[in-house]
Amino acid sequence: MSDAPPKQPTTNAPDHKFGLVLGSGAARGWIHVGVLQALAELHIKPDIITGCSAGALVGGAHLLGILDDFKQWARSLSPLTALGAFSFQLTRGGLINPEKAFQAFAHADQPIEALPIPFGAVATDLGTGQEVWLTQGSTLDAARASSAIPMVIHAAPWSDDSGAHWLVDGALTNPVPVNLARELGATHVLAIDVNPISRTIERFKPSSSHEVVMVPDDTPALPENFPAPVAKLIADTQKFLDRQLRHSKLRMKAKPHFFETAMATMDIVQAQMGEARAQYQKPDLRLLPNVKGLTPMSFDKHEEMTREGYDLIMNNQDHILALAQGKKPTLHRA
């Protein structure tokens, strides 16, 4: 995405492991696509990748070598084609069954243990409320479990030595899994937190001004031979009904709807949890993109988000290059 001459490949110091952490964020996961593009252009190869939710999807697709296919598929979705890509069933704690979508990439799936570098995804166990680290088994299954948004996407079944579990979005417990990257051996960690602020439903914010809304007079013309009292009664009744209908529509617009409430709730949880985690599980470099106007539901703004992720890396490349070479940067936020 840049016309700059290619840099020489960056070789990580042998006794250092550069970890890349990709945070949760629904549609904001497109930012991670730009991050990976920029790192590749700078010849920086992470030794370890961990992700949560959208970060697990993008990181897993990248390591499976299907990120371009995944991007093409995601961009092709429209409200109509999405009906064929997903099943809608109100079971397993959500409305959307994503199995069809994941089956489209099943041919490329590999065990996490077979990936070129260590990879881990974070999910949340519905039975215990604890975060779960997925570092073995199917890469796609791990990404699927990590991104199971409560009330929206079906919970994911998962089995291990301790038994059967139902897993949901890792953003509930650990939206930017720095500690997992450390556990997998990372000595120097770059974290991409795409939820620096919670984007609650803006239309519910109290207005700072009092606007006057003009209501047009849509009273239909009545035949001239109507008696005046009858004509007035009909006109007043029509105006009353129109006013009630407008008020009813406004009341409907002022109420939160199911999906926006679920997404706003997850967004608030991710932002608050991510900030709290960053205080005691600090990465060496935490980058915060500018997400103004980029909500977790802005799936139509993939180009803008990809560019934001790309620029985020390029604007901090000196710090990131130092980190990949085993040096500790002094910058912690951007």
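Coordinates for the structure precede this section.
Model, not experiment: these values are computed from the prediction.

Another point: helix H10 (residues 302–314). Here H10 contains 13 residues, and its C-alpha end-to-end distance of 18 Å stays within 8% of the 18 Å for a straight helix at 1.5 Å per residue. Residues of H10 that are buried: His-302, Met-305, Thr-306, Gly-309, Tyr-310, Leu-312, Ile-313 and Met-314.

A few words on the pattern of salt bridges. For the structure shown, the criterion picks out 4 salt bridges. Here Lys-71 and Asp-68 are joined by a salt bridge, their closest N and O atoms 3.3 Å apart. Taken together, the residues span about one helical turn, with Lys-71 and Asp-68 both in helix H3 (residues 67–76) at a distance of 3 residues.

This part covers empty space enclosed by the protein. Summed over all chains, the structure comprises 1 cavity of 30 Å³ or more. Empty space within the largest cavity amounts to approximately 40 Å³. By residue number, the principal contributor to the lining of the largest cavity is helix H9 (residues 258–280), which donates 3 residues. The class makeup of the residues in the lining of the largest cavity is 5 nonpolar, 2 polar and 3 charged.

A few words now on the nonpolar core. Counting 55 residues, the largest nonpolar core has Leu-134, Leu-190, Ile-192, Ile-313 and Ile-320 as the members making the most contacts within it. Among the elements that take part in this core, helix H1 (residues 30–41) stands out by supplying 7 residues, more than any other. Setting aside chain neighbours within four positions, we find Ile-192 in contact with Leu-20, Val-21, Leu-22, Gly-23, His-32, Val-35, Leu-287, Leu-312 and Ile-313.

What follows deals with the packing of helix H2 (residues 54–64) against helix H6 (residues 139–146). Direction vectors running N to C along H2 and H6 enclose 170°, while the axes themselves pass 9 Å from each other. With respect to H6, the axis of H2 lies roughly antiparallel. Judged by the sense of rotation from one axis to the other, the crossing of H2 with H6 is left-handed. Two secondary-structure elements touch here, H2 through Ala-56, Leu-57, Gly-60 and Leu-64 and H6 through Thr-139, Leu-140, Ala-143 and Ser-146. Residue composition of the contact of H2 with H6, grouped by class: 5 nonpolar, 3 polar and no charged.

All right, on to the side chain of Thr-139 then. Relative to the helices and strands, Thr-139 resides in helix H6. A relative accessible area of 1% places Thr-139 in the buried class. In this structure, Thr-139 is in contact with Gly-60, Leu-64, Asp-109, Gln-110, Pro-111, Ile-112, Leu-115 and Phe-119, ignoring residues within four places of it in sequence.

Right, let's get into the pairing of strand S2 (residues 48–52). Counting buried positions along S2 yields 5 of 5 residues, so the element is predominantly enclosed. Across 4 bridges, the pairing between strand S1 (residues 18–22) and S2 is parallel. Within S2, the residue paired with Val-21 across the bridge is Thr-50. Handedness of the β-α-β unit built from S1, H1 and S2 comes out right-handed. Pairing between S2 and strand S5 (residues 119–125): 4 bridges, direction parallel. Paired with Ile-49 across the strands is Phe-119, a residue of S5.

Turning next to the packing of H1 against H2. Look at H1 against H2: their axes get within 9 Å of each other, and the N-to-C directions meet at 40°. In terms of crossing hand, the pair formed by H1 and H2 is right-handed. Taking contact as the criterion, the partners of His-32, Val-33 and Leu-36 in H1 are, on H2, Ala-54, Gly-55, Val-58 and His-62. In the contact of H1 with H2, the residues fall into 4 nonpolar, 3 polar and no charged.

Here the focus is the environment of Glu-113. Tracing the sequence through the fold places Glu-113 in the loop between helix H5 (99–103) and S5. Considering only alpha carbons, one finds Glu-113 and Gly-137, 24 residues apart in sequence, at a separation of 7.2 Å. Not counting residues within four places of it along the chain, the set of residues in contact with Glu-113 comprises Gln-136 and Gly-137. A distance of 3.1 Å separates a polar atom in the side chain of Glu-113 from the backbone nitrogen of Gly-137.

Criteria and thresholds
Residues numbered from 1 in each chain as written. Predicted model: local features only at pLDDT ≥ 70, side-chain atom pairs only at ≥ 80, totals over all residues. Heavy atoms only, no water. Helix = DSSP H or I, 4+ residues; strand = E, 2+ residues; numbered from the N terminus. Expected span 1.5 Å × (residues − 1). Buried < 20%, exposed > 50% of the residue type's maximum accessible area, 1.4 Å probe, protein only. Salt bridge = Lys/Arg side-chain N within 4 Å of Asp/Glu carboxyl O. 1 Å grid on protein atoms, 1.4 Å probe; cavity = no way out; pocket = protein on both sides within 12 Å on 5 of 7 lines; lining within 4 Å. Points joined across faces, edges and corners; volume = space filled by probe spheres on them. Nonpolar A, V, L, I, M, F, W, Y, C, P; charged D, E, K, R; others polar. Core = buried A, V, L, I, M, F, W, Y, C linked by side-chain atoms within 4.5 Å. Contact = heavy atoms within 4.5 Å. Axes fitted to C-alpha atoms, helices over the stretch in contact; angles between N-to-C directions. Parallel < 35°, antiparallel > 145°, perpendicular 65-115°, else oblique. Left-handed = near helix turned anticlockwise from the far one by under 90°. Pairing = 2+ DSSP bridges. Right-handed = clockwise from strand over helix to strand, strands pointing away. Polar contact = N/O pair within 3.5 Å; in protein donor to acceptor, adjacent residues only side chain to side chain.

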